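Topology and contacts: notes
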Amino acid sequence: MKLTDCLNRYQYEQIVLCARMILYEIAEKAERIYSDTQSTTACWQLKDKFVSMVEEEIRCFRSVDYYADRLCVTVRHLSKVVKQTMDYTAKQWIDNYAILEMKVALQSATLSVQEVAWMFHFPDPSTFSRYFKKRTGYSPSEYRNALLNDVR
């Protein structure tokens, strides 16, 4: 009906708004279906447990083996589930989360790089620096200096 009313000055805007309403309706129904299946699916439950464990224990443990063992699944199964549900491998997700936590810790002016290394249970600061640089392209000191330069 809106398409045939050529005399209406707001025809285009009305058509766009109608299309948006339809899209919002579809999105809302899809989100309901997604949330209903998400909570009941074993894969999603495993992924949720994995994420919770990583968030709690990232300072001490950064290996997929550790989390798979704690969740009583194989490394292969955990990696497959994480890849399906989050589009990252389990190792990538662990490393990304660890780096995020390390960056937050490095933002603290009261902690030295050595203290941050110990906080994350690295055997020594050089191992921490290699881990951090391999994943970010910056050494911890370079990252901290870049933050200080951005603030100024």
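Residues numbered from 1 in each chain as written. Predicted model: local features only at pLDDT ≥ 70, side-chain atom pairs only at ≥ 80, totals over all residues. Heavy atoms only, no water.

1. Regarding the overall build of the chain
In terms of regular secondary structure, the chain is built from eight helices and zero strands. In the chain, the order of α-helices and β-strands from amino to carboxyl end is α-α-α-α-α-α-α-α. The globule rule puts the C-alpha radius of gyration for 152 residues at 15 Å, and the 24 Å found for the chain is more than 25% above it. Projected onto its principal axes, the C-alpha coordinates of the chain cover approximately 75 × 50 × 20 Å. Residues counted as buried form 28% of the 152 residues belonging to the chain. Summarising the internal contacts of the chain: among those between residues at least 6 apart in sequence, 52% fall at separations of at least 24. About 10600 Å² of surface is accessible on the chain, with carbon and sulfur atoms providing 57% of the total. Taking the average place of the 21 positive charges on the side chains of the chain and the average place of its 19 negative ones, the gap between the two points comes to 4 Å. (Helix = DSSP H or I, 4+ residues; strand = E, 2+ residues; numbered from the N terminus. Rg over C-alpha atoms; globule rule 2.2 N^0.38 Å. Buried < 20%, exposed > 50% of the residue type's maximum accessible area, 1.4 Å probe, protein only. Contact = heavy atoms within 4.5 Å. Areas by Shrake-Rupley, 256 points an atom, 1.4 Å probe, with all protein chains shown as cover. Lys, Arg positive; Asp, Glu negative; His and termini not counted. Charge placed at Lys NZ, Arg CZ, Asp CG, Glu CD.)

2. Some details on helix α5 (residues 90-106)
One full turn of an α-helix is made of 3.6 residues, so residues set three or four places apart face in the same direction. The end-to-end C-alpha distance of α5 is 24 Å, a good match for the 24 Å that 17 residues give at a rise of 1.5 Å each. Every buried residue of α5 is accounted for by Ala90, Trp93, Ile94, Asp95, Tyr97, Ala98, Ile99, Met102, Ala105 and Leu106. (Expected span 1.5 Å × (residues − 1).)

3. Concerning the pattern of salt bridges
Following the criterion strictly, the structure yields six salt bridges and no others. For Glu57, the salt bridge goes to Arg70, with nearest N and O atoms at 2.8 Å. Note that Glu57 is positioned in helix α2 (residues 42-57) and Arg70 in helix α3 (residues 64-70), a separation of 13 residues in sequence. In this structure Arg70 comes out as partly exposed when scored by relative accessible area, which is 44%. Lys91 is the partner of Asp95 in a salt bridge, and the nearest nitrogen-oxygen pair spans 3.2 Å. In this pair, Asp95 and Lys91 are both assigned in helix α5, four residues apart and thus about one turn of the helix distant. (Salt bridge = Lys/Arg side-chain N within 4 Å of Asp/Glu carboxyl O.)

4. Some thoughts on the side chain of Lys47
For Lys47, the position within the fold is in helix α2. Setting aside chain neighbours within four positions, we find Lys47 in contact with Val81, Thr85 and Met86.

5. Here's the deal with the nonpolar core
Counting residues in each nonpolar core, the largest one holds 33 residues, and the members touching the most others are Phe50, Val54, Tyr67, Leu78, Met102 and Phe128. Every element with two or more residues in this core is listed here: α2, α3, α4 (75-86), α5, α6 (113-119) and α7 (125-136). The biggest single contributor to this core is α5, with nine residues. When residues no more than four places from it in sequence are discounted, the contact partners of Phe50 are Tyr67, Leu71, Leu78, Val82, Met86, Ala90, Trp93 and Ile94. (Core = buried A, V, L, I, M, F, W, Y, C linked by side-chain atoms within 4.5 Å.)

6. Details of the environment of Leu78
The residue Leu78 is located in helix α4 in this model. When the C-alpha atoms of Leu78 and Cys43 are compared, they prove to be 9.1 Å apart, with 35 residues separating the residues in sequence. Other than its neighbours up to four places away in sequence, Leu78 contacts Leu46, Phe50, Val64, Tyr67, Ala68, Leu71 and Val73.

7. Describing the environment of Gln107
Of note, Gln107 is situated in the loop between α5 and α6. According to the relative accessible area criterion, Gln107 is partly exposed, its value standing at 49%. Through-space distance from the C-alpha of Gln107 to that of Met86 is 27 Å; in sequence the pair is 21 residues apart.

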